[in-house]
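Take a look at the letters that make up each chain.
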Amino acid sequence: MPTSLRTQVGIVGAGPAGLVLSHLLHLQGIDSVVVECRSRAYVEERVRAGVLEQGTVNLLAEIGVGERMKAEGLVHYGIELRFGGRGHRIDFQELTGGKGITIYAQHEVLKDLNNARVATGGQVFFEVEDVSVHDFDGARPKIRYRKDGSDYELHCDFIAGCDGFHGICRPSIPVGVLTEYDRVYPFGWLGILADAPPSSEELVYTYHDRGFALLSMRTPQISRLYLQCNPDEDIDAWDDERIWQELHVRLSSEGWGLTEGPILQKGITGMRSFVVEPMQYGRLFLAGDSAHIVPPTGAKGLNLAVADVQVLARALARFYATGSQCLLNKYSHTCLRRVWKVQRFSWWMTSMLHRFPDEKPFDHRRQLAELDYVTSSRAAATTLAENYVGLPME
Ligand code: FAS
Ligand code: PHB
């Protein structure tokens, strides 16, 4: 017989979506329990996103988890687009009335959130097994899971599916309810973490005949770099020398050089655009990667997850304060307006900056014209800047 537990909101997944939601609910006096299948150490070491939108930075500071981010994060007010061997800066500060981004790794954000949850008595259970969700089409949903060899049944009012693209919540929604929108790109990114001081103050996105490359960073000592590769690339075919050689070629620019260093980590990420509609069913609400995936070219995945759970936390707070479900009923509609604008921007950045295996010479010239337009028209540069720093929340 499973041990019964009770909370108001059951949350599956302790990534950015699950932990931000749990803390937002806590600040509203709403109880939640987070169940996570990985260990805390694993979640806090997994290298993923690096760019925080202005709105995400402001939120983390407002909810009391921004201290280390403010001290260690790198604030940037622009990025460089590089093509034809020349760089062109997009000035966020000038084009967005002072907004910027902060480079602060996703796993650092998760450390700060986990510490905040522990400090405020949050219930985040790591290394749980066999998680399943039930009865969310009624008023008494439950989450079942195993922890340390014992079975548990968590009775809640609502379930938040924050368990990422490969989680169990989205697939638990009955067949026929969801519509999936999917685009898989014919390339991937080979990403490295290198013990090498970044060779640029700000991020550099390049369009090159041999393919896309991106210079990013984590700290003044650690570089994060990516290069476009085949989607099924074998990482073992890329020794450090070959990776640096390719990065030198693609990032080359007059009077500029790329500083090498020991590669600490390398991996290949596939690229896809994915959305499910609706993002809710009964009392199960999908947030973050469980509902949508964007190609990382626009640096949006983490930020969109945080935006979803701000909408959900506001709707749950309204319900517990007034009994009204009106915001909960509009959750999916509200989130999807932003989701599709972010999908558009991420697709646009990806389409502008990558070489496509089936492209025609016309496409190549069109891409160069797009880059020329974005770097020579204030109006065009403004659209990139306002999307990159993050569109305002509704
Ligand atoms: P997450 O996937 O982060 O979190 C889901 C959590 O649920 C995980 O901790 C998982 O262990 C847990 N979980 C899954 N199944 C479960 C189950 N059955 N029971 C319990 N727990 C379960 N975004 C960017 O903006 N920039 C980037 O550069 C970038 N790089 C990325 C690189 C990689 C390799 C990947 C995979 C993603 C990258 N992303 C990037 C996107 C990424 O940052 C996501 O958008 C972000 O983590 C979304 O957060 P969540 O929705 O919380 O999902
Ligand atoms: C990163 O630093 O990991 C990063 C930055 C910008 C992107 C994608 C990833 O568009």
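As a starting point, this report considers the structure included with it.

Thresholds, definitions, all that
- Residues numbered from 1 in each chain as written.
- Chains lettered and ligands numbered in written order.
- Predicted model: local features only at pLDDT ≥ 70, side-chain atom pairs only at ≥ 80, totals over all residues.
- Heavy atoms only, no water.
- Pairing = 2+ DSSP bridges.
- Helix = DSSP H or I, 4+ residues; strand = E, 2+ residues; numbered from the N terminus.
- Axes fitted to C-alpha atoms, helices over the stretch in contact; angles between N-to-C directions.
- Contact = heavy atoms within 4.5 Å.

1. Observations regarding the sheet that holds strand S1 (residues 3-6)
With respect to topology, four strands assemble into an open sheet ordered S1-S12-S11-S10, the strand pairing being mixed. On the outer flanks of this sheet lie S1 and strand S10 (129-134), each paired with one strand and no other. Put simply, the sheet's adjacent strands are angled 20° from each other on average, direction ignored. When strand S11 (residues 142-147) meets strand S12 (residues 150-155), the two strands line up antiparallel, connected through six bridges. Bridge pairing in S12 places Arg-146 opposite Asp-151.

2. Side note on the pairing of S11
Consecutive side chains along a regular strand alternate between the two faces of the sheet. Bridge analysis of S10 against S11 gives four bridges, and the strand direction is antiparallel. The residue bridging His-134 from the neighbouring strand is Lys-142, located in S11. Linking two consecutive strands that pair antiparallel, namely S11 and S12, is a turn of two residues; a positive phi of about 50° is found at Asp-148 within it.

3. Concerning the sheet that holds strand S3 (residues 32-35)
Overall, mixed pairing links the six strands, which are arranged S9-S3-S2-S13-S20-S19 in an open sheet. Every interior strand has two partners, whereas the edge strands, strand S9 (123-125) and strand S19 (280-281), have only one. The sheet contact formed by S19 and strand S20 (residues 284-286) spans two bridges and is antiparallel. Each residue of the ladder has a partner; that of Gln-280, found in S20, is Phe-285. Taken strand by strand, helix H9 (residues 301-322) contacts strand S2 (9-12), strand S13 (158-161) and S20, and its axis lies near 175° from that of S13.

Interpretation in functional terms is not warranted from these geometric data alone.
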